[in-house]
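Chains, contacts and geometry: an overview
Take a look at the letters that make up each chain.
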Amino acid sequence: MKKNHKTDKLATMPVTIPENYAGIYVLHMNLHGAGFGAMVLQTLNQIRYCERNNLLPVVNYDADCHSYFYDKQRGENMWEQYFEPLVPPFDYQNLLTLCASPDSPVSIGDLQNLDDNQMLHICEHHTDSIYSFTFADWRDNPPEDLQQWYREQRTKGHQMFSRYIRVKQDIVEKVNDFYSQHFDGHQMLGIHIRGTDLMYAPPVSPAEYFPHVDNWLRRQNRPKIFVATDQAQYLTAFQQRYSELVVGYDSHRSINEIVPVNLKEIPPHKKGEDVLIDTILLSRSEFLLKGASAVGEIALYMNPALRCLDLATDKRFAFGQDYGKGWNGVLLSQTKPAWYLLKDKDLLKENKNAKSQTRLQAYLYKYRPYFSPVAIFIHRVLRYLLRQLRKK
């Protein structure tokens, strides 16, 4: 007789919600524009909201969330294509089935969820949320002790990750196989370097990593270097300098400023799996060199014992641009993506303007308080008009 797996799963469900929860919160928000690391970070911050309000968190990232990583061929819930339920056995489909049961004390109407604007405000402005970089309110009011601030964020991140996040076993097995093949018996240096469309933080060129890599290599007897990057040319630069010591996972990478999640030829699930596998491998390194990115931070949440050096932490100017207080990313004609800034540079040599600002940027920042609100207003109006035109 054919086994009914849905019935089997339902049989493992409690007939009621544990008494330590005051209710159920369904994680569901617009994820359009969020990379995989940002999606995980927003999930962790929704979980923190649930903990503050004593709610049971259940994820439902369906097609309406507009995620780059939603793959209908693999199921209706994108989260469950990569991770186990946050609080087993409460996955979303089983929860719906339980709510539909006539004997259940829980109904669909009992499920809670904030609208996108409310949850985005919590993710970007609540002091208890987890931040991977000093953006949003932290950019205008930077922490007095930046290193302490990062330690606090990473502690919160590890707490949430260790309590709730479990990667699917098939993905863990791919990581294990790759690690055994390339890193068993070696000291592993992890490198994460963003290129492509990075605009919210100062980009770091491969050449800025080299002195730190050289210093690390001198202290090892069987070293290997794992490079995780979205920019194909960056991986090539490390291979040219360090030859067979460099290993990269078979991830899709871009050759220009278009981030891989926007490349239509890559299947949605593969886009997310590439980033997740890179992140887990970074977490298994002995030392991590990184720039500003949620991916590198999440690797630290996975492994709080991992030592790291962030090359973007104290960097404000980069390749003619200023990423300091008052940055808003609205004037895109002046704020260029990372690869646009580096594509004509020698990636094997540190450039003079790697930590510089142009006169135009200095002028814009000096007078930004006067014209920035107007520019933001015009930008929002144009976006609204474009959305209306698309509807027609």
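Everything below is about the structure printed above this text.
Everything numeric in this text was worked out from a predicted model, so none of it was measured.

Turning to the overall build of the protein chain, a few remarks are in order. Along the protein chain, the regular secondary structure elements total 13 helices and ten strands. Rg of the C-alpha trace for the protein chain: 22 Å, near the compact-globule value of 21 Å for 392 residues, within the 12% margin. Taken over the C-alpha atoms alone, the protein chain extends approximately 70 × 60 × 45 Å along its principal axes. Looking at the protein chain as a whole, 50% of its 392 residues are labelled buried. Element-wise, carbon and sulfur atoms account for 52% of the exposed surface of the protein chain, whose accessible area totals about 19,700 Å². Each charge class in the protein chain was averaged separately, 47 positive and 44 negative side chains, and the resulting centres sit 6 Å apart.

Attention shifts here to the pattern of salt bridges. Taken as a whole, this structure holds 15 salt bridges when the rule is applied. Across the pair aspartate 214 and arginine 241 runs a salt bridge, and its minimum N-O distance is 2.6 Å. Taken together, the residues span a long stretch of sequence, with aspartate 214 in helix H8 (residues 206-217) and arginine 241 in helix H9 (residues 232-242) at a distance of 27 residues. For arginine 241, a relative accessible area of 40% gives the class partly exposed. As a salt-bridge pair, aspartate 310 and lysine 290 come within 2.8 Å of each other at their nearest N and O atoms. Taken together, the residues span a long stretch of sequence, with aspartate 310 in strand S8 (residues 307-310) and lysine 290 in strand S7 (residues 287-290) at a distance of 20 residues.

Along the polypeptide, proline 268 turns up in helix H10 (residues 268-283). According to the relative accessible area criterion, proline 268 is partly exposed, its value standing at 26%. Taking C-alpha positions, proline 268 is 17 Å from aspartate 170, a pair spaced 98 residues apart along the chain. Sequence-distant contacts of proline 268, defined by excluding residues within four places in its chain, comprise Tyr68, Phe69, Tyr70, Asp71 and Tyr82.

This next bit is on the packing of helix H2 (residues 36-52) against helix H11 (residues 294-302). Their axes nearest at 8 Å, the elements H2 and H11 cross at an angle of 50 degrees. With respect to each other, H2 and H11 are oriented oblique. Along this stretch, H2 crosses H11, giving a crossing that reads as left-handed. Residues Gly37, Ala38, Val40, Leu41 and Leu44 of H2 form the contact with H11, whose participating residues are Ala294, Ile298 and Tyr301.

Right, let's get into the nonpolar core. Counting 71 residues, the largest nonpolar core has Leu44, Tyr61, Phe83, Leu86, Ile165 and Phe226 as its most contacted members. Considering every element that reaches this core, the biggest residue donor is H2, with eight residues. When residues no more than four places from it in sequence are discounted, the contact partners of leucine 44 are Ile130, Gly157, Met160, Phe161, Ile165 and Tyr301. Membership of the second largest hydrophobic core comes to 37 residues, among which are Phe135, Ile193, Val204 and Phe319.

Before going further, it helps to examine the side chain of lysine 224. Relative to the helices and strands, lysine 224 resides in strand S5 (residues 223-229). Buried and unpaired, lysine 224 has no salt bridge, with glutamate 244 as the nearest side chain of opposite charge at 9.0 Å. If we ignore the near neighbours within four places in the chain, the residues touching lysine 224 are His182, Phe183, His186, Gln187, Met188, Leu189, Trp216, Glu244, Leu245 and Val247.

Either a parallel or an antiparallel arrangement is found when strands of a sheet pair, and the pairing is made through backbone hydrogen bonds. Judged by pairing direction, the sheet is parallel, and its five strands sit side by side in the order S6-S5-S4-S7-S8 without closing on themselves. Either end of the sheet is taken by a strand with one partner, and the two such strands are strand S6 (246-247) and S8. Pairing geometry for S5 and S6, over two bridges, is parallel. Each bridged residue has a counterpart across the sheet, and for isoleucine 225 the counterpart in S6 is valine 246. Across the sheet, H9 touches strand S4 (187-193), S5 and S6, and the angle it forms with S5 is around 165 degrees. In this fold H10 packs onto S4, S5 and S7, with an angle of close to 145 degrees to the strand it touches most, S5.

Criteria and cut-off values
Residues numbered from 1 in each chain as written. Predicted model: local features only at pLDDT ≥ 70, side-chain atom pairs only at ≥ 80, totals over all residues. Heavy atoms only, no water. Helix = DSSP H or I, 4+ residues; strand = E, 2+ residues; numbered from the N terminus. Rg over C-alpha atoms; globule rule 2.2 N^0.38 Å. Buried < 20%, exposed > 50% of the residue type's maximum accessible area, 1.4 Å probe, protein only. Areas by Shrake-Rupley, 256 points an atom, 1.4 Å probe, with all protein chains shown as cover. Lys, Arg positive; Asp, Glu negative; His and termini not counted. Charge placed at Lys NZ, Arg CZ, Asp CG, Glu CD. Salt bridge = Lys/Arg side-chain N within 4 Å of Asp/Glu carboxyl O. Contact = heavy atoms within 4.5 Å. Axes fitted to C-alpha atoms, helices over the stretch in contact; angles between N-to-C directions. Parallel < 35°, antiparallel > 145°, perpendicular 65-115°, else oblique. Left-handed = near helix turned anticlockwise from the far one by under 90°. Core = buried A, V, L, I, M, F, W, Y, C linked by side-chain atoms within 4.5 Å. Pairing = 2+ DSSP bridges.

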